[in-house]
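# A structural walkthrough
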Amino acid sequence: MIPIEQAIFTSAATERRSGYHLVGTSPGLCDADAKELAAWAPSHDSLCDDQPGVRSVNFHPLPSGAYCVSRTVASGIEPSGRGVRVYTQCLVASPPAFARFGNNPFGVLDSAEAAGALVVHDDPPRVLPTLELA
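Quick summary incoming for the structure in this document. Quick caveat: nothing in here was measured; it's all calculated off a predicted structure.

## A look at helix H3 (residues 105–114)
- Listing the buried residues of H3 in full gives Pro105, Gly107, Val108, Leu109, Ser111 and Ala112.
- Where H3 is buried, its residues contact strand S3 (55–61), strand S4 (67–77), strand S5 (84–93), helix H2 (95–100) and strand S6 (131–133).
- The residue sitting at the N-terminus of H3 and contributing the capping side-chain oxygen is Asn104; that oxygen lies 2.8 Å from the backbone nitrogen of Phe106.
- A positive phi of about 75° marks Gly116, the residue just after H3.

## A few points about the nonpolar core
- Among the nonpolar cores identified, the biggest contains 15 residues, and Ile4, Leu91, Phe101, Val108, Ala112, Leu131 and Leu133 are the most heavily contacted of them.
- Residue assignment for this core shows that the elements contributing at least two residues are strand S1 (2–13), S5, H2, H3 and S6.
- Counting 14 residues, the second largest nonpolar core, distinct from the first, contains Leu22, Val86, Cys90 and Val92.

## With respect to helix H1 (residues 31–40)
- The complete set of buried residues in H1 reads Asp33, Ala34 and Leu37. Viewed along the axis of H1, the buried residues span an arc of 100°, placing them on a single side of the element. Of the residues in H1, the exposed ones pointing more than 90 degrees away from the buried face are Asp31, Lys35 and Ala39.
- Structurally, H1 contributes buried residues whose contacts are with S1, strand S2 (18–25), S3, S4 and S5.

Parameters at a glance
- Residues numbered from 1 in each chain as written.
- Predicted model: local features only at pLDDT ≥ 70, side-chain atom pairs only at ≥ 80, totals over all residues.
- Heavy atoms only, no water.
- Buried < 20%, exposed > 50% of the residue type's maximum accessible area, 1.4 Å probe, protein only.
- Helix = DSSP H or I, 4+ residues; strand = E, 2+ residues; numbered from the N terminus.
- Contact = heavy atoms within 4.5 Å.
- Polar contact = N/O pair within 3.5 Å; in protein donor to acceptor, adjacent residues only side chain to side chain.
- Core = buried A, V, L, I, M, F, W, Y, C linked by side-chain atoms within 4.5 Å.
- Arc of directions from axis to C-beta.

This is the structure we're talking about:
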């Protein structure tokens with residue numbers, strides 16, 4: 001099994017803050033990468049179409065040297081009521097983990113989808129598990 005860290009960026013009202021922010025992360029995600037994800041992740045009106053089922057897939061390196069593969073979907077209404085909520089799940093692979101997927105971001109995404117790990121939470125957990133993907 002290959003360990004993959006994760007984070008969720010969406011609009012939520014939490015005890016820490018409200019609006020778009022990282023609402024949940026797994027324990028192995030370092031602070032520098034979390035800051036980069038929070039600065040980079042899409043927020044409201046960032047999808048060309050906000051119909052159910054529309055998604056965006058993105059890939060980029062992170063400050064630690066790890067790689068992020070993310071899936072963004074339109075899901076529900078923002079807590080502020082100003083529009084459709086944009087929900088991004090980030091999968092973070094270390095260089096050795098990424099190499100085990102043939103350095104293919106779609107391999108990471110496909111494995112997560114096959115494992116049922118791409119989930120949109122109405123109330124995302126603050127602590128996410130480190131995924132163990134095949």
